[in-house]
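# Inside the fold
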Amino acid sequence: MSGSTLLKETGPREVFCGLTSIVWLHRRMPDAFFLVVGSRTCAHLIQSAAGVMIFAEPRFGTAILEERDLAGLADAHEELDRVVKNLLKRRPEIRTLFLVGSCPSEVIKIDLSRAAERLNSQFNGQVTVLNYSGSGIETTFTQGEDGALKALVPLLPSSKEEQLLLVGTLANPVEDRLKTIFKRLGIQKIESFPPRQSTQLPSIGPGTKVLLVQPYLTDTARELKNRGAEILQAPFPLGIDGSRLWIEAAANAFKVNQSLVESTLSPLILRAKKALKPYAEKLSGKKLFLLPESQLEIPLARFLNNECGMELIEVGVPYLNREMMQSELELLPDSTRIVEGQHVEKQLDRVRDSNPDLVVCGMGLANPLEAEGISTKWSIEMVFSPIHGIDQASDLAELFARPLHRHNILNPKTLETA
Ligand code: SF4
């Protein structure tokens, strides 16, 4: 374990709930539909987060709980059956239907797992109905993806075949690129979870070695382990070093010859270092404050410190799974201040007191901080952008260099001294 200072904080939070993950999950699996069982607040959240996507034949929606449901006057299960029936009539191409729990559905205890079972027997074969919770009471932001994947795990067929399984949503071109690299290393069978079609689920079993692509998949990883898979310990594939160590973890597990690993990765590393250099120069020495939101904060901090020379003031995380973060924590500089949880008012006081050059935060805090003259980066961009792998290191750094550059342009005083 590194010499990081691990602190816990409780209080008011400023984070998305797990429903938000629907926005990228529905793009990954176009044959799936996400039906939130919730309130108008939930519908508004998804619409705002998805922006223009709501007009392009959406594959998500909200079954809004009315007052009659809340007062117990209507049978919520009958209502839900009716909504699902109508939906499947209009959209017969849907193959997997996720019933997504929300705060209201959890609070009034609608049993969505029972509903899923019932609907499965009704629509036998036409569609698979699953459920998970994206409620703000239980989940923050990316944990929604963890819930959705965990719900899919029991459907994965069993197999003892030796294979590498990449777990966590990746941008399609990045996925192709990473698979090409693993193929060059001689790893024959490489699958992804979630797949591009919800019906093309990878198999799982004792021959499966899992590389986690995303750091927020605690429950999914546990379920995969329960199905016999081995979870490889590695940092996450952000930046050159993280990606190299991540690829090497698989290479070691598959006993790939070290010289083949070196000859495959060296040219990529060389090119990536060259591309990264101008951004690293811009970021070097700048003070960084990360507020908690996605659980990507620790790998991002590690990359921005180790490869871009940024100084870490505080690394906030909504939730810290120490076992899964072990390899990352070892790479952080000693005495890095990591704060799990949040008291947003106290944290904002610390932001102001420390006078950072850049704050990574949610959309709700970004504009107010900008108005105070503090440069910000929206953490949500990290889940929509292709940031994984050696080749993407410079693009990832550019995401952080951009707001500093904009700040310099807009602030003539800074420009004079820059
Ligand atoms: S699930 Fe809860 S936190 Fe999320 S939008 Fe609905 S009410 Fe709000």
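Heads up: these notes are all about the structure in this document. (Residues numbered from 1 in each chain as written. Predicted model: local features only at pLDDT ≥ 70, side-chain atom pairs only at ≥ 80, totals over all residues. Heavy atoms only, no water.)

### Considering the overall build of the chain
- Along its length, the chain carries 18 helices and 14 strands.
- Expressed as lengths along the three principal axes of its C-alpha atoms, the size of the chain is roughly 65 × 55 × 40 Å.
- Taking the intrachain contacts of the chain between residues at least 6 apart in sequence as the baseline, contacts between residues at least 24 apart amount to 75%.
- A total of about 18,200 Å² of accessible surface is found on the chain, and carbon and sulfur atoms cover 50% of it.
- Taken as two groups, the 47 positive and 51 negative side-chain charges of the chain have centres that lie 4 Å from each other. (Helix = DSSP H or I, 4+ residues; strand = E, 2+ residues; numbered from the N terminus. Contact = heavy atoms within 4.5 Å. Areas by Shrake-Rupley, 256 points an atom, 1.4 Å probe, with all protein chains shown as cover. Lys, Arg positive; Asp, Glu negative; His and termini not counted. Charge placed at Lys NZ, Arg CZ, Asp CG, Glu CD.)

### Examining the nonpolar core
- In this structure, Phe34, Phe98, Phe182, Leu211 and Phe400 are the most contacted members of the largest nonpolar core, which totals 103 residues.
- In terms of residues, this core owes the most to one element, helix H11 (residues 258–283), which gives 8 residues.
- Apart from residues no more than four positions distant in its own chain, Leu211 is found in contact with Leu164, Leu165, Leu166, Val167, Phe182, Leu232, Ala234, Trp246, Ala249 and Ala250. (Core = buried A, V, L, I, M, F, W, Y, C linked by side-chain atoms within 4.5 Å. Buried < 20%, exposed > 50% of the residue type's maximum accessible area, 1.4 Å probe, protein only.)

### Notes on the sheet that holds strand S12 (residues 337–341)
- Strands sit in the order S1-S12-S11-S10-S13-S14 across an open sheet of 6 strands; the sheet is parallel. What marks the edges here is a single partner per strand, and that holds for strand S1 (5–9) and strand S14 (376–378). For this sheet, the mean angle separating the axes of adjacent strands, direction not counted, is 20°.
- Here 3 bridges tie strand S10 (residues 287–290) to strand S13 (residues 358–361), and the two strands are oriented parallel to one another. Looking across to S13, one finds that Leu288 is bridged to Leu358.
- On the sheet, helix H12 (residues 297–306) packs against S10, strand S11 (311–317) and S12 and is oriented at approximately 170° with respect to S11.
- Of the strands in this sheet, S13 and S14 are in contact with helix H17 (residues 393–410), which crosses S14 at around 140°. (Pairing = 2+ DSSP bridges. Axes fitted to C-alpha atoms, helices over the stretch in contact; angles between N-to-C directions.)

### Some points on the site of the ligand
- Near the ligand the following residues occur: Cys17, Leu19, Thr41, Cys42, Leu45, Ser102, Cys103, Pro104, Ser135 and Gly136.
- At the level of secondary structure, the elements contributing two or more residues to the shell around the ligand comprise helix H2 (40–50) and helix H5 (103–107).
- Residue composition of the shell around the ligand, grouped by class: 6 nonpolar, 4 polar and no charged. (Near = heavy atom within 4 Å. Nonpolar A, V, L, I, M, F, W, Y, C, P; charged D, E, K, R; others polar.)

### A short note on helix H9 (residues 218–226)
- Every buried residue of H9 is listed here: Thr218, Thr220, Ala221 and Leu224. Projected down its long axis, H9 shows its buried positions confined to an angular sector of 165°, all on one face.
- In this structure, the buried residues of H9 make contact with helix H7 (143–152), strand S6 (163–167), strand S7 (190–193), strand S8 (208–212), strand S9 (230–231) and helix H13 (322–331).
- Gly228, located one to two residues past H9, shows a positive phi value of around 105°. (Arc of directions from axis to C-beta.)

### Overview of the sheet that holds S9
- Pairing is parallel across the open sheet formed by 4 strands, whose spatial order is S7-S6-S8-S9. Lying at the two open borders of the sheet, with one neighbouring strand each, are S7 and S9.
- Looking at chain direction, S6 and S8 are connected through 5 bridges and run parallel. Across the sheet, residue Val167 finds its bridge partner in S8, namely Leu212.
- Seen against the sheet, helix H10 (residues 239–253) touches S6 and S8 and runs at an angle of roughly 170° to S8.

### Describing the packing of aromatic side chains
- Taken as a whole and judged by the stated rule, the model has 6 aromatic pairs.
- When the centroid spacing of 5.8 Å and the interplanar angle of 80° are considered together, the rings of Phe98 and Tyr132 count as edge-to-face. With Phe98 in strand S4 (residues 96–101) and Tyr132 in strand S5 (residues 128–133), the pair connects residues that are 34 residues apart, well separated along the chain. The pair formed by Phe98 and Tyr132 is uniform in burial state, with each residue classed as buried.
- With a centroid separation of 5.6 Å and an interplanar angle of 55°, the aromatic rings of Phe182 and Trp246 are classed as tilted. Linking Phe182 in helix H8 (residues 172–184) with Trp246 in helix H10, this pair joins segments that are 64 residues apart in sequence. There is no split in this pair, since Phe182 and Trp246 are both buried.
- Among the aromatic residues, those joined into a cluster by ring pairs are Phe16, Trp24, Phe141 and Phe384.
- Just above the ring of Phe254 sits the side chain of Lys209; from NZ or CZ to the centre is 5.9 Å. (Phe/Tyr/Trp six-rings, centres within 6.5 Å; stacked < 30°, edge-to-face > 60°. Lys NZ or Arg CZ within 6 Å of the ring centre and 35° of its normal.)

### Topic: the pattern of salt bridges
- A complete count under the given rule lists 26 salt bridges for this structure.
- Between Arg118 and Asp81 there is a salt bridge, with the nearest N and O atoms lying 2.8 Å from each other. Within this pair, whereas Arg118 is found in helix H6 (residues 112–122), its partner Asp81 is found in helix H4 (residues 76–90), the two being separated by 37 residues in sequence.
- For Asp81, a relative accessible area of 15% corresponds to the buried category.
- The closest approach of N and O atoms between Lys189 and Glu191, which form a salt bridge, is 3.9 Å.
- A network of salt bridges, in which partner residues are shared, links Arg28, Glu175, Asp176, Lys179 and Arg196. (Salt bridge = Lys/Arg side-chain N within 4 Å of Asp/Glu carboxyl O.)

### Quick word on unusual backbone geometry
- Geometrically, the link from Phe193 to Pro194 is a cis peptide bond, its omega value of 10° lying close to zero.
- Within the fold, Pro194 resides in the loop between S7 and S8.
- The residue Ser335 is not glycine, and still its phi comes out positive at about 65°.

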